[in-house]
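Working through the structure, step by step
One letter stands for each residue in the lines below.
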Amino acid sequence: NSAAVKLSAQYSENLKIFTQALTLTFLAEWGDRSQIATIALAASKNVYGVILGGLLGHAFCTGLAVIGGRLLAARISEKTVAIIGGILFLFFAVHSYITGSD
């Protein structure tokens, strides 16, 4: 019975992680430039090719991010990553403000 409880807890944790990753990725990608480009591509090209290419491209990109994040987390702290990310975010915000929204 203890094994069943552990298995249920592991399943629940995996489902939680899956749901968080799905929601985060969906919301982050919704309406971004790559989605707009994919819509334009699908309007003029084979829809199934665009679907397959988009899925594989996004899966590859996300996979690299996950692996890179795992390797990075083994070398520097989460706090350092957050600080660097915040500084970069502010830098890009100032850059966008100065150069305009072309």
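As the structure is a computational prediction, the values presented were derived from the model and not from experiment. (Residues numbered from 1 in each chain as written. Predicted model: local features only at pLDDT ≥ 70, side-chain atom pairs only at ≥ 80, totals over all residues. Heavy atoms only, no water.)

**Some thoughts on the layout of surface pockets**
- Reported here for the largest pocket is a volume of approximately 560 Å³.
- Lining the largest pocket are 19 residues, with E29, Q35, T38, G54 and H58 sitting closest to its centre.
- For the lining of the largest pocket, the secondary-structure elements that each account for two or more residues are α1 (2–29), α2 (33–44) and α3 (47–73).
- Taken together, the residues that form the lining of the largest pocket break down as 11 nonpolar, 6 polar and 2 charged.
- Its volume calculated, the second largest pocket comes out at about 180 Å³.
- What lines the second largest pocket is L24, T62, A65, V66 and G69.
- With 4 residues, the top contributor of residues to the lining of the second largest pocket is α3. (1 Å grid on protein atoms, 1.4 Å probe; cavity = no way out; pocket = protein on both sides within 12 Å on 5 of 7 lines; lining within 4 Å. Points joined across faces, edges and corners; volume = space filled by probe spheres on them. Helix = DSSP H or I, 4+ residues; strand = E, 2+ residues; numbered from the N terminus. Nonpolar A, V, L, I, M, F, W, Y, C, P; charged D, E, K, R; others polar.)

**Observations regarding the confidence of the model for the chain**
- Across the chain, pLDDT averages 88, with 98% of residues at or above 70.
- At the level of individual helices and strands, the chain shows its lowest average pLDDT in α2, which scores 87, and its highest in helix α4 (residues 78–99), which scores 91. (pLDDT = per-residue confidence, 0-100.)

**Quick notes on α3**
- For α3, spanning 27 residues, the distance from its first C-alpha to its last is 38 Å, which sits close to the expected 39 Å at 1.5 Å a residue.
- Measuring from the backbone nitrogen of Y48 back to the side-chain oxygen at the start of α3 gives 2.8 Å, which picks out N46 as the cap. (Expected span 1.5 Å × (residues − 1). Polar contact = N/O pair within 3.5 Å; in protein donor to acceptor, adjacent residues only side chain to side chain.)

**Focus on the UniProt feature "transmembrane region" (unreviewed entry) in the chain**
- The feature "transmembrane region" (unreviewed entry), as annotated in UniProt, sits at residues 47–68 and 80–98 in this numbering.
- The span residues 47–68 carries 100% helix and 0% strand; its end-to-end C-alpha distance comes to 31 Å. (UniProt positions renumbered as here; feature names shortened; annotations may be inferred.)

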